[in-house]
Every structure is written in C-alpha cells, then in structure tokens.
Amino acid sequence: MATEPQPPARTDSLARLAAEVQACRRCPRLVEWREESAATPPRRFAGEEYWARPVAGFGDPQARLAIVGLAPAAHGANRTGRMFTGDRSGDWLYAALHRAGYANQPESAGGGDGLRLRDAYVTAVVRCAPPANRPTPAERDNCLPYLERELALLERCRTVLALGAFAWDGSLRALRGLGVETPRPRPRFGHGAETPVGEWSLLGCYHPSQQNTFTGRLTAPMLDAVLARARELGG
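Rules used in this analysis
- Residues numbered from 1 in each chain as written.
- Predicted model: local features only at pLDDT ≥ 70, side-chain atom pairs only at ≥ 80, totals over all residues.
- Heavy atoms only, no water.
- Helix = DSSP H or I, 4+ residues; strand = E, 2+ residues; numbered from the N terminus.
- Buried < 20%, exposed > 50% of the residue type's maximum accessible area, 1.4 Å probe, protein only.
- Pairing = 2+ DSSP bridges.
- Contact = heavy atoms within 4.5 Å.
- Axes fitted to C-alpha atoms, helices over the stretch in contact; angles between N-to-C directions.
- Salt bridge = Lys/Arg side-chain N within 4 Å of Asp/Glu carboxyl O.
- Core = buried A, V, L, I, M, F, W, Y, C linked by side-chain atoms within 4.5 Å.

**Some points on the environment of Arg217**
- Summarising the element assignment, Arg217 is placed in the loop between α7 (210-215) and α8 (220-232).
- The partly exposed category is assigned to Arg217, whose relative accessible area is 46%.
- With 90 residues separating them in the primary sequence, Arg217 and Arg127 have C-alpha atoms 26 Å apart.

Structural data, given as structure tokens:
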C-alpha cells in the first residue's frame, strides 16, 4: 500500500517533535524503569538491544484517525522503539488496522519490518514504560503536551480512538489543552462509547491487552466494529 507524498513542513514538524520526545528525561521513576527493563530482559529477549527511551507516535502525517494508548510496554515498544510493536497488544491492533485498510501488513515485529500506516497515527498518553503499567498523575501531566502537539500537527485528524479508560481521560485532557471545549458532565469511557468534543469525535475501545483478549472481553469483531465506526466518522 503506497503512501502519498507528505508536505515537508508537516513531516519535519512531527520529526522535530519525535526528537524531543525521544530525548526526554523528565520523569526519574520512568527513566529508571525503562532502563532497568532493558538491562534485565526476560529470557526470550536476552541479548536484544532495547530502545529504552521514550517512544514517539507512528503513522501517517495526513492521518484522519489518531489511536491513543496508555504507554509503551516494557518489553514491547520500550524494546522495539515503535508504538504497539513487539507485544501481543500490538499484534492485535495492527492485525485489525490491516483488516480495516489502515495498515499495509498485519505484523508489527520491529522498526524495520516494513509496516506502514495510511490515514492512521498511533500514539499514547505516556511515552515511557511505567512500572505495573501505572503512570502517576504527575508523569501523565509531564507527557500530555506531547500528545497535544501531535494532535495539533495532525491537521486532517478529527477522530480519536482511545484504547482504554486511561487513554480516554488523557485524550480529553489533551483536547482541552488545545482549547477545545470538552463536554460536561465528563463523558464516561466504555467500549463503543462515542462523544463529540468540539470538532473532534472521541471513540472508546477496550485496550487490546492480553487480559482483555484472553478473557474475551475484547474480541476481533468488537475491535473491527470500532474501526469501522471510525471510518464512518471520517477517520
């Protein structure tokens, strides 16, 4: 699936932002954890060179759909350097994006695997792997400006798909940070939840974590249906 040429200024702006993200050391606890995870990998990844830095967003600069997760996994994106790449959650997400026509292939093994996205951009609220997948409010707030700036740079994007309650809350906060009036009372997260936020549409989807996919709380048809709705909304 070929990607259309991108306007140089927009691509360069996202590239500059990515460089800032990758150099960030604002959260000492997260810096320690991402580096410790790289130094003591599980046996299946022994000997691999870990990225062990913050992870920038990935995808099409002309995307109409932004997909927001919680944070990189300690032995997923923290290892490979690409969002939702190298773990079971990514396997589920990119396979679904391929079925929906957003990705050129269903696999997401590593940065050099040839994966490309069209009309979609994958990012997260927090950019470093947090212990127990639980960022603190301060760590979330340190990272939120990166998400705000990404959403501002994705000028065609008007649909945000939040994977899980943390991403739902973070997406609302990021849009509010951009000056968008958010609904009151605050809309509640749920799978298939949908709410307008100014000119944006915010969709909710259960996170494709192993806990959710192994138990059947999230199934492939459920994920496909949310992506189909994103298409309907222009994403």
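**A few points about the sheet that holds strand β4 (residues 159-163)**
- The mixed open sheet is built from six strands, whose spatial order is β1-β3-β2-β4-β6-β5. Each edge of the sheet is formed by a strand with only one pairing partner; in this case those strands are β1 (58-59) and β5 (194-197).
- In the sheet, strand β2 (residues 65-69) pairs with strand β3 (residues 120-124) via five bridges, with the strands oriented parallel. If you follow Leu65 over to β3, its bridge partner there is Ala120.
- Relative to β3, helix α4 (residues 88-99) is tilted by about 160°, and along the sheet it contacts β1, β2, β3 and β4.
- Of the strands in this sheet, β2, β4, β5 and β6 (200-205) touch α8, which is tilted by about 175° from β6.

**Concerning the pattern of salt bridges**
- Going through the model one piece at a time under the given rule, you end up with 16 salt bridges.
- In this structure, the salt-bridge partner of Glu199 is Arg158, at a minimum N-O distance of 3.4 Å. Linking Glu199 in the loop between β5 and β6 with Arg158 in the loop between α5 (137-153) and β4, this pair joins segments that are 41 residues apart in sequence.
- When the shortest N-O distance is used, the salt bridge between Asp169 and Arg173 registers 2.7 Å. With Asp169 and Arg173 both in helix α6 (residues 165-177) and four residues apart, this pair spans about one turn of that helix.
- In this structure Asp169 comes out as buried when scored by relative accessible area, which is 18%.
- For Arg173, a relative accessible area of 25% translates into the label partly exposed.
- Connected through shared salt-bridge partners, Arg140, Asp141, Asp169, Arg173 and Arg186 make up one network.

**Quick notes on the nonpolar core**
- Residues Val125, Leu147, Leu151, Val160, Val197, Trp200 and Leu202 are the most contacted members of the largest nonpolar core, which totals 36 residues.
- Secondary structure elements with two or more residues in this core: α1 (8-22), β2, α5, β4, α6 and β6.
- The dominant element in this core, judged by the number of residues it contributes, is α5, at six residues.
- Setting aside residues up to four positions removed in sequence, Val125 forms contacts with Val68, Gly69, Leu70, Arg140, Cys143, Leu144, Leu147, Phe166, Ala167 and Gly170.
- By size, the runner-up hydrophobic cluster in this structure holds 28 residues, among which are Ala103, Leu115, Cys205 and Ala230.

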